[in-house]
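The primary structure of each chain is shown beneath.
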Amino acid sequence: MSLISNSYEDEMQQAIEVAKSALATDDVPVGALVFNSSGKLVGTGSNRREFDKDPSAHAEIIALRAAALMNNSWRLDGHTIVVTLEPCAMCAGAIAQARIKTLVFGAWDEKAGAVGSVWDVLRDPRAPHLVEVISGVNESECAALLSEFFKKYR
């Protein structure tokens, strides 16, 4: 994809497809995409905690790492990250540390969300870097993917 849309619905649909790839590894289906300031896709990630046996292998972290490698820098100024689920505290912190400009997410995480649900790490006025947050993009589809996954555990 070369240009980011105004509504982010197309980008979120791409993130949903990436999230589905986590199902093959029995990981929670979360997908993340990082786009540079020109709208070019520079990083992709899905949850890999179970597969990698790594507690930090969240979709956002994997996508940020890929984007940093592509960018040849940890600083991702002007970049946008699109995620199917509201980031947790670890991922929100990483998004801020990477200097991401905009976060777009789909479903809310009422248990561990750190961008408005439980905490609001990215919009805390004490934070050294503030991130624009756009929430609820393709929310019902993102939430349905997670609900379907967790049915087998209930």
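Quick look at the structure, then. (Residues numbered from 1 in each chain as written. Predicted model: local features only at pLDDT ≥ 70, side-chain atom pairs only at ≥ 80, totals over all residues. Heavy atoms only, no water.)

**So, the packing of helix α3 (residues 59-71) against helix α4 (residues 89-97)**
Axis separation between α3 and α4 bottoms out at 9 Å; the angle between their running directions is 20 degrees. Taken together, the axes of α3 and α4 are roughly parallel relative to one another. Between α3 and α4 lies a crossing of left-handed hand. Residues Glu60, Ile61 and Leu64 of α3 form the contact with α4, whose own contacting residues are Met90, Cys91, Ala94 and Ile95. (Axes fitted to C-alpha atoms, helices over the stretch in contact; angles between N-to-C directions. Helix = DSSP H or I, 4+ residues; strand = E, 2+ residues; numbered from the N terminus. Parallel < 35°, antiparallel > 145°, perpendicular 65-115°, else oblique. Left-handed = near helix turned anticlockwise from the far one by under 90°. Contact = heavy atoms within 4.5 Å.)

**Observations concerning the side chain of Glu86**
Relative to the assigned elements, Glu86 resides in the loop between β3 (80-85) and α4. Arg123 provides the closest opposite charge to the buried, salt-bridge-free Glu86, at an N-O distance of 6.5 Å. At a separation of 2.9 Å, a polar atom in the side chain of Glu86 contacts the main-chain amide nitrogen of Asp109. Aside from chain neighbours lying at most four places away, what touches Glu86 is Phe105, Ala107, Trp108, Asp109, Gly113, Ala114, Val115, Gly116 and Ser117. (Buried < 20%, exposed > 50% of the residue type's maximum accessible area, 1.4 Å probe, protein only. Lys, Arg positive; Asp, Glu negative; His and termini not counted. Salt bridge = Lys/Arg side-chain N within 4 Å of Asp/Glu carboxyl O. Polar contact = N/O pair within 3.5 Å; in protein donor to acceptor, adjacent residues only side chain to side chain.)

**Some details on the sheet that holds strand β4 (residues 102-107)**
Either a parallel or an antiparallel arrangement is found when strands of a sheet pair, and the pairing is made through backbone hydrogen bonds. Strand order across the open sheet formed by five strands is β2-β1-β3-β4-β5, with mixed pairing between neighbours. Looking along the sheet, the strands with just one partner apiece sit at the ends: β2 (41-46) and β5 (132-134). Strand after strand, the sheet turns through a mean of 15 degrees between neighbouring axes, direction not considered. When strand β1 (residues 31-35) meets β2, the two strands line up antiparallel, connected through five bridges. Across the sheet, Ala32 pairs through a bridge with Gly45, a residue of β2. The sheet strands contacting helix α1 (residues 9-21) are β1, β2, β3 and β4, and the helix crosses β1 at an angle near 135 degrees. (Pairing = 2+ DSSP bridges.)

That's the geometry; what it means functionally is another story.
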